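Okay, here's what each chain looks like letter by letter:
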Amino acid sequence: MTQNAVITGWGKCLPPAILTNEHLASFLDTSGDWITSRTGIEERRITHKNISDLSAVAGKHALAAAGLEASELDAIYVATSSGDTLIPNTAARVQNKLGIRGCAAVDVNAACSGFIYALTQVAAQIKAGMMEKALVIGADRLTYYVDWTKRNVAILFGDGAGAVVVEATDDNAGFQFSHLGCDSDGLGILGVDKMGTNVPRYHDHPGAFEVPFEGQEIYMNAIAEMKRSSLEVMKKSGWHKDDIDLFIAHQANIRIVDALTKHLKLPADKVFINIEKYGNMSAATVPVALCEALEAGRVNAGDNIILTAFGAGLTYGACSLKWGSRTTPVAISSAELAPGPTDALSLLKEDIKRSYQERHQPIPDALK
Ligand SMILES: CC(C)(COP(=O)(O)OP(=O)(O)OC[C@H]1O[C@@H](n2cnc3c(N)ncnc32)[C@H](O)[C@@H]1OP(=O)(O)O)[C@@H](O)C(=O)NCCC(=O)NCCS
């Protein structure tokens, strides 16, 4: 009998340091009003720890919520494009931080779409009977790549991690369908150049990353591809718009989410938004939003849920889920990040100054 794959646990980890729009306006030619009205973002988190640390904390919360021991896992998947190291992968580090050995450890890099890609791979393996229990984490620290002199990019990103536990079930619930894609014609409109083996080995690294970023192009493609993917999984699932109970889209810009849900004719009360608190956390946005939707009582047993995302590549995807019977955690974990600063500007000050120096621009007074 084909088994289904259902989410049984959920967790998140947001670092304590908060970078507000006012912080950004102190060294960039921008204003809080511009950022809020054009993006919906009011503040974002900046991490003082590595992606494996954030992932392990989110993972421990998800495991407790599922009532599962880490030792029962068959696999750990980490969706990230800002892992601690390429070799070993971040999932291996997370396994180590969970204090277990043996389960498969996989990193998935599909930029902001990574969590949808990883969840699809895990659900497909569980449905095929190839494994029973997995931890799927979306975690990113794109602020590491940011050029702090660029006002159209520096305002958008934040750091964080979200996680879910996925388990095999015989119930008629769980993962339904997925649609994944990539339009590589858009390779050049978003990315981090000079970060990989394409950089000559003995080349002097310039320090600041080159970050091609064509905001308008990304914006238009994000709406078109998330709409197409969402409609595709709705069709495969046999769902009409009225059948959807909760819609969670990648939180890159409130205007993208508003335009997308308008195209799909979804009412606002079915759409979950938390971009104001965190900005674009890349692969972490969807699992953190799902976790917060559960905490806010927005998920009920048997609900039909669509998750969709879009990112560099240009990758995109959507998946449909029928929620299981439990919407409250089995247990609560006390896991938390090692203490760190809450003042994001002091945490980032030296990096921001270096961005200005390397671009041969005067260092703003607020940073002196
Ligand atoms: C980046 C983004 C917010 C810019 O908003 P926009 O409405 O498209 O703005 P534009 O790029 O057309 O720029 C309009 C003007 O605002 C200015 N501007 C850009 N950022 C600004 C800022 N932070 N503060 C003030 N002005 C700003 C531009 O310089 C431009 O000025 P000009 O007309 O004098 O040249 C928007 O394109 C976006 O969200 N794109 C998607 C980005 C994203 O999340 N990518 C990751 C996907 S996973």
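The model shown is predicted, which means the values in this text are computed figures rather than measured ones.

Draft legend 1. Up close: the UniProt feature "domain: Beta-ketoacyl-[acyl-carrier-protein] synthase III C-terminal" (unreviewed entry) in the protein chain. This chain's UniProt record puts "domain: Beta-ketoacyl-[acyl-carrier-protein] synthase III C-terminal" (unreviewed entry) on residues 234-323. Counting secondary structure, residues 234-323 comes out at 32% helix and 22% strand; the distance between its end C-alpha atoms is 15 Å.

Draft legend 2. Examining the pattern of salt bridges more closely. If you walk through the whole model with that rule in mind, you get 13 salt bridges. For Arg354, the salt bridge is made with Glu358, and the minimal N-O distance between the two is 3.0 Å. In this pair, Arg354 and Glu358 are both assigned in helix α11 (residues 344-358), 4 residues apart and thus about one turn of the helix distant. Overall, the relative accessible area of 48% leaves Arg354 in the partly exposed class. On the basis of relative accessible area, Glu358 is assigned to the partly exposed category, the value being 24%.

Draft legend 3. Region of the structure containing the packing of helix α7 (residues 215-237) against helix α8 (residues 254-263). For the pair α7 and α8, interaxial distance at closest approach is 9 Å and the crossing angle is 35 degrees. Considering only the axes of α7 and α8, their crossing is right-handed. Here Tyr219, Ala222, Ile223, Met226 and Lys227 of α7 lie close against α8, whose contacting residues are Arg255, Ile256, Ala259, Leu260 and His263. Here the contact of α7 with α8 is composed, by residue class, of 7 nonpolar, 1 polar and 2 charged.

Draft legend 4. Structural detail: the site of the ligand. Close to the ligand lie 21 residues, the nearest being Thr30, Arg38, Arg151, Gln216 and Asn253. One nitrogen or oxygen atom from the main chain of Gly215 is found 3.1 Å from a nitrogen atom belonging to the ligand. For the ligand, the accessible surface in isolation is 960 Å², of which the surrounding protein chains cover 74%. Of all the secondary-structure elements, those providing two or more residues to the shell around the ligand are α2 (32-39), α6 (151-154), α7 and β10 (304-311). In terms of residues, the shell around the ligand owes the most to one element, α7, which gives 4 residues. Split into classes, the residues belonging to the shell around the ligand amount to 9 nonpolar, 9 polar and 3 charged.

Rules used throughout
- Residues numbered from 1 in each chain as written.
- Predicted model: local features only at pLDDT ≥ 70, side-chain atom pairs only at ≥ 80, totals over all residues.
- Heavy atoms only, no water.
- UniProt positions renumbered as here; feature names shortened; annotations may be inferred.
- Helix = DSSP H or I, 4+ residues; strand = E, 2+ residues; numbered from the N terminus.
- Salt bridge = Lys/Arg side-chain N within 4 Å of Asp/Glu carboxyl O.
- Buried < 20%, exposed > 50% of the residue type's maximum accessible area, 1.4 Å probe, protein only.
- Axes fitted to C-alpha atoms, helices over the stretch in contact; angles between N-to-C directions.
- Left-handed = near helix turned anticlockwise from the far one by under 90°.
- Contact = heavy atoms within 4.5 Å.
- Nonpolar A, V, L, I, M, F, W, Y, C, P; charged D, E, K, R; others polar.
- Near = heavy atom within 4 Å.
- Polar contact = N/O pair within 3.5 Å; in protein donor to acceptor, adjacent residues only side chain to side chain.
- Areas by Shrake-Rupley, 256 points an atom, 1.4 Å probe, with all protein chains shown as cover.

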